[in-house]
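A structural walkthrough
The chain contents come next:
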Amino acid sequence: MIARRSIIPVFVPHLGCPNNCVFCNQRKISGSLVPATAETVKQIISEGISLIPKGTNIQLAFYGGSFTAIPVEKQNELLDAALPFLRDESIHSLRLSTRPDALDKDTLERLKGYKVQTIELGTQSMCDEVLLESGRGHTALDTERAAKLVKDFNFELILQMMTGLPGDTKERTIETAKRIIDLNPDGVRIYPTVIIEDTPLCDMWREGKYKEHTVSEAVDYCACVLPLFEKAGIPVIRLGLNPTEELSGGAAVGGAYHPALGELVRSRQLYDKARELICKNPHGKVVTLGVNRSDISAMTGQHRANIEALCREFSLSKMIVSEADIQRGKVALL
Ligand code: SF4
């Protein structure tokens, strides 16, 4: 279980990344064009801690790029910049994201010395064909090896997966989720593929060599794998790319980019549960569904889409969504 904390992010876009994954344009994803330096790290921490209430557990996170693929001197420069803040307990731990093939025992030992607590691995898929077609440059075996090492060294492990990469299918996404669950991470992030300007994937799409992973397909894939993670007790800590001005302003040219993707998936999950309930139980022309107060809008769906679809399918004259004393994510027939 991960303790609640506030994260101060530092983006190290593309710094040191030896790879060229077809979907990646880290500068546009992170919205950051200037690679981080010791000075920017210090500045970001100072600004960050001034905005966070005292007494909060604060973690500094190096996101973007592949941290452990950066030359060691540069890694240490960035980590050293955080040390004074760790010593005076303005911040409490560090977090970084990297590639599965950029980790070994020596690296993990060095990171332990810097109070790194959490390591995120870009897994993306556990299907080698998908990894190959996406230009990832590593295999599923690399992920298994790295995830085991991270756990052996007692770091918190977060695995990031993607849906809708070249060669991916719903079955392969489900298989990826199952193999990720077997690695017992402390959390998962799911990023449905977005087509970003100035990437090889964008060229493939424009040349007709890649079929876009639409928002509705992404919602469908995610609604299939979320219950698997829930059942395994693994929190999904992020669903979909963080909206940025650059992405919303045109850099995301296609694919599963939606500022509220997580909400769409939750809405779909509630729809599926309601549908199953109505199928299995006798009902009249008017149906009342009970959900947790915070689920009312997701149950209703965008522009009442869930209500209208259920009314149509079950020939209902009316459907009411009502607040009930029920756990979030559950649905009852009242
Ligand atoms: S490894 Fe990460 S930073 Fe490097 S190209 Fe791939 S997605 Fe981008």
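These lines cover the structure that appears in this document, whether it is placed above or below.

Quick look at the overall build of the protein
Across its full length, the protein holds 13 helices and 12 strands. On C-alpha atoms alone, the protein measures out to a radius of gyration of 22 Å, which is about the 20 Å that the 2.2 N^0.38 rule sets for 334 residues. Dimensions along the principal axes, computed over C-alpha positions, put the protein at roughly 70 × 50 × 40 Å. Residues counted as buried form 51% of the 334 residues belonging to the protein. For the protein, restricting intrachain contacts to residue pairs at least 6 apart in sequence, the fraction spanning at least 24 positions comes to 79%. Per element, the accessible surface of the protein, about 15,700 Å² overall, is 51% carbon and sulfur. For the protein, the distance from the average site of its 40 positive side-chain charges to the average site of its 42 negative ones is 5 Å.

Section: the packing of helix α11 (residues 261–280) against helix α13 (residues 305–313)
Following both chains from N to C, one finds α11 and α13 inclined at 25°, their axes separated by 11 Å at the closest point. What the angle tells us is that α11 and α13 run roughly parallel. The chirality of how α11 crosses α13 is right-handed. Residues S267, Y271, A274, R275 and I278 of α11 form the contact with α13, whose participating residues are N306, A309, L310 and E313. Each residue belonging to the contact of α11 with α13 can be placed in one class, and the counts come to five nonpolar, two polar and two charged.

Considerations on the nonpolar core
The nonpolar side chains of soluble globular proteins are, as a tendency, buried together. The biggest cluster of nonpolar side chains holds 57 residues, and the ones touching the most others in it are L60, F62, I91 and I119. It is helix α3 (residues 72–87) that provides the largest number of residues to this core, a total of seven residues. When near neighbours in sequence (up to four residues on either side) are disregarded, F62 contacts V10, V12, V41, F67, L78, L79, R95, L96 and S97. Counting 21 residues, the second-largest nonpolar core is a separate cluster that includes V130, I196, L247 and Y257.

Thoughts on helix α2 (residues 38–51)
Compared with an ideal rise of 1.5 Å per residue, which puts 14 residues at 20 Å, α2 spans 20 Å between its outermost C-alpha atoms and is within 8% of the ideal. Within the span of α2, buried status applies to A38, V41, I45 and G48. With its buried residues spanning 95° around the axis, α2 presents them on a single face. Exposed side of α2, more than 90 degrees from the buried face: E39, S50 and L51 are the residues found there. In the core, the buried residues of α2 are packed alongside β1 (6–11), β2 (58–63) and α3.

Reading the values: the criteria
- Residues numbered from 1 in each chain as written.
- Predicted model: local features only at pLDDT ≥ 70, side-chain atom pairs only at ≥ 80, totals over all residues.
- Heavy atoms only, no water.
- Helix = DSSP H or I, 4+ residues; strand = E, 2+ residues; numbered from the N terminus.
- Rg over C-alpha atoms; globule rule 2.2 N^0.38 Å.
- Buried < 20%, exposed > 50% of the residue type's maximum accessible area, 1.4 Å probe, protein only.
- Contact = heavy atoms within 4.5 Å.
- Areas by Shrake-Rupley, 256 points an atom, 1.4 Å probe, with all protein chains shown as cover.
- Lys, Arg positive; Asp, Glu negative; His and termini not counted.
- Charge placed at Lys NZ, Arg CZ, Asp CG, Glu CD.
- Axes fitted to C-alpha atoms, helices over the stretch in contact; angles between N-to-C directions.
- Parallel < 35°, antiparallel > 145°, perpendicular 65-115°, else oblique.
- Left-handed = near helix turned anticlockwise from the far one by under 90°.
- Nonpolar A, V, L, I, M, F, W, Y, C, P; charged D, E, K, R; others polar.
- Core = buried A, V, L, I, M, F, W, Y, C linked by side-chain atoms within 4.5 Å.
- Expected span 1.5 Å × (residues − 1).
- Arc of directions from axis to C-beta.

The values are spatial; any link to function lies outside them.
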